[in-house]
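Results of the structural survey
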Amino acid sequence: MKPNFSLRLRVFNLNFWGILYWSKHRVDRLQRLGDFLNIESFDLALLEEVWSEQDFESLRQKLLPTYPAAHYFRSGVFGSGLCVFSKHPIQELTQHVYTLNGYPYMIHHGDWFSGKAVGLVVLHLSGLVFNAYVTHLHAEYNRQKDIYLAHRVAQAWELAQFIHHTSKRADVVLLCGDLNLHPKDLGCRLLKEWTGLQDAYLETQDFRGCDEGCTMVPQNCYVNQQELEPYPSGIRIDYVLYKAVSGIYISCKTLKTTTGHDPHNGTPFSDHEALMATLYVRHSPPQHSPSPTHGPAEVSPLIAVLKEAWTELGLGMAQAHWWAAFASCVIGLGLLLLVLLCALVAGGQTGEVTWLLLSPSVGLVLGAGAVYLFHMKEIKGLCKAQAELQHVLRRAKEAQDLSVVSQPAQQEDRAEEQ
C-alpha cells in the first residue's frame, strides 16, 4: 500500500427481523432489501436476524452478481441469524458462540435457542488485512428488571476478548451488529475500553439520519410503541465500530441511517433502522511529537469499567447460585416423595392416588435436575468471565502503578537535561 494511498470502504448493517411465521411482510421486505443492496453496491453488507437459511439462500442468489462472496453463520437450534455479503473475496472465516445466552425455560424469549454468536470474515484489500465482525447480543426485555444483564455483560466481554485475540494480525478492525446495548451501558463501555474501537456515530464527519443516531424509532410501523414510550426519540442499539493499527488511519466520512421507512418504497426494511457507513483508510503521517505518558487518568477508565463488570457478574453469579440451591431443594423433595410412593407400592398400597402421584414426581425430579445442571453451567460461565476480568484488572492496576512511579523520574530527567 503506497503512503499516499486512500481506500474507501462502504459498509451496510441491519438487524433484518426475519422470524419465520412471525415477522410481518418478511418475504416482501427481503426482496426489497436485496434490490436496495444491489443498487447501492456496498463493499460489505452485514445482517442479523436472518433466522431462515432459505431466506439467506434466496438473498444470496439475488445478490450474487454484486456480492460474489457470502457466508451464513450457523449455531444453536435456529441459527445465529448472522450473515455477510461481500464484493471482495473472503480469505478466512470463523465464529464464536457465546457461553451464556439466556435460559432455555424462557421459551417465549427464545434467545437461548438461537445460539447468539459473533462471526468473523477476513478480507485482503490493497495489501491490508481487514477483520470484519458481525454479532447480535442477548435482547433486553425489561430495562427496569433486567434478568439477562449479567449474561449480556459476559457476552460483551467474550466479544471483546474474541476481537482482542483474533485481530492481532489485522490492519483494520470493523465490528457491526445489534449489541442490544445503549451507548452508556456497561457492556458497551467495556467493549470499547478493552478493544479501543471507535463509534462511527460519534466520529463521523457527516451524519444523516434519525435523531441521536437511534436505530429503533417510533416512526417505524413495526416497532412496539409501548417499549419506546420512555424514549421519545428512540434508542440506539445498533453500531458500526472500527479501529486501525498504528501507522494506519481510519475515519468515517459519512454515516447514514434509514428513518423509519425504505429509502425507495416508503415502508421499512425491518423494525430496526439500517446503518450505512463510508470509511476511509490511509497511511497516517509520521508523528514527531514526544511519546505520550500513560498516566493514571488514561488507565483509570479501563480499571473503573473492569471493576463494574466484575461486580455485575458477581451479582449474576449469586442469582445463579440461588436458583441452583432452589433446584437442589426441589430435587430433594421430589426424591423424598418418590421414596414414600415406592414404600407404599412395596407395602401393597397401590391406590389410584399413589400411581397418579408417581409420574409427576419423576417429572419434578427430572425437571429440577435439568434446571440445576443449567444453572451450574451458568455459574461456571460467569466464573470464567470473572476470572478473566480479574486478571486484566490486576494487569491494568500494575500498569497504572508503574506509570505513577515512572512519571516523577521522567520529570527529574527532563529537568536535568534543561
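As the structure is a prediction and not an experimental result, all values here were calculated from the model.

**Some details on the packing of helix H4 (residues 149–166) against helix H5 (residues 186–195)**
Contact pair H4 / H5: the axes reach a minimum separation of 9 Å and the direction vectors enclose 15°. Between H4 and H5, the crossing angle belongs to the class labelled roughly parallel. The hand of the H4/H5 crossing is right-handed. Packed against H4, whose contacting residues are Val153, Ala156, Trp157, Leu159, Ala160, Gln161, Ile163 and His164, the element H5 presents Leu186, Gly187, Leu190, Leu191, Trp194 and Thr195 at the interface.

**Notes on the side chain of Glu273**
Checked against the element boundaries, Glu273 lands in the loop between strand S12 (248–257) and strand S13 (275–283). Only 3.4 Å separates the side chain of Glu273 from the backbone nitrogen of Thr259, close enough to count as a polar contact. Within polar-contact distance, the side chain of Glu273 engages the backbone nitrogen of Gly260 at 2.8 Å. Those residues within four positions of Glu273 in sequence are excluded, and the remaining contacts are Leu14, Cys210, Cys214, Thr215, Val217, Asn220, Thr258, Thr259, Gly260 and His261.

**Observations regarding unusual backbone geometry**
The backbone of Tyr21 sits at a positive phi, close to 65°, despite the residue not being glycine. Secondary-structure assignment places Tyr21 in the loop between strand S1 (6–18) and helix H1 (26–40). One non-glycine residue, His25, lies in positive phi territory at about 55°. Here His25 lies in the loop between S1 and H1.

Conventions used here
- Residues numbered from 1 in each chain as written.
- Predicted model: local features only at pLDDT ≥ 70, side-chain atom pairs only at ≥ 80, totals over all residues.
- Heavy atoms only, no water.
- Axes fitted to C-alpha atoms, helices over the stretch in contact; angles between N-to-C directions.
- Helix = DSSP H or I, 4+ residues; strand = E, 2+ residues; numbered from the N terminus.
- Parallel < 35°, antiparallel > 145°, perpendicular 65-115°, else oblique.
- Left-handed = near helix turned anticlockwise from the far one by under 90°.
- Contact = heavy atoms within 4.5 Å.
- Polar contact = N/O pair within 3.5 Å; in protein donor to acceptor, adjacent residues only side chain to side chain.

Scope: geometric values only; no functional claims are made or implied.
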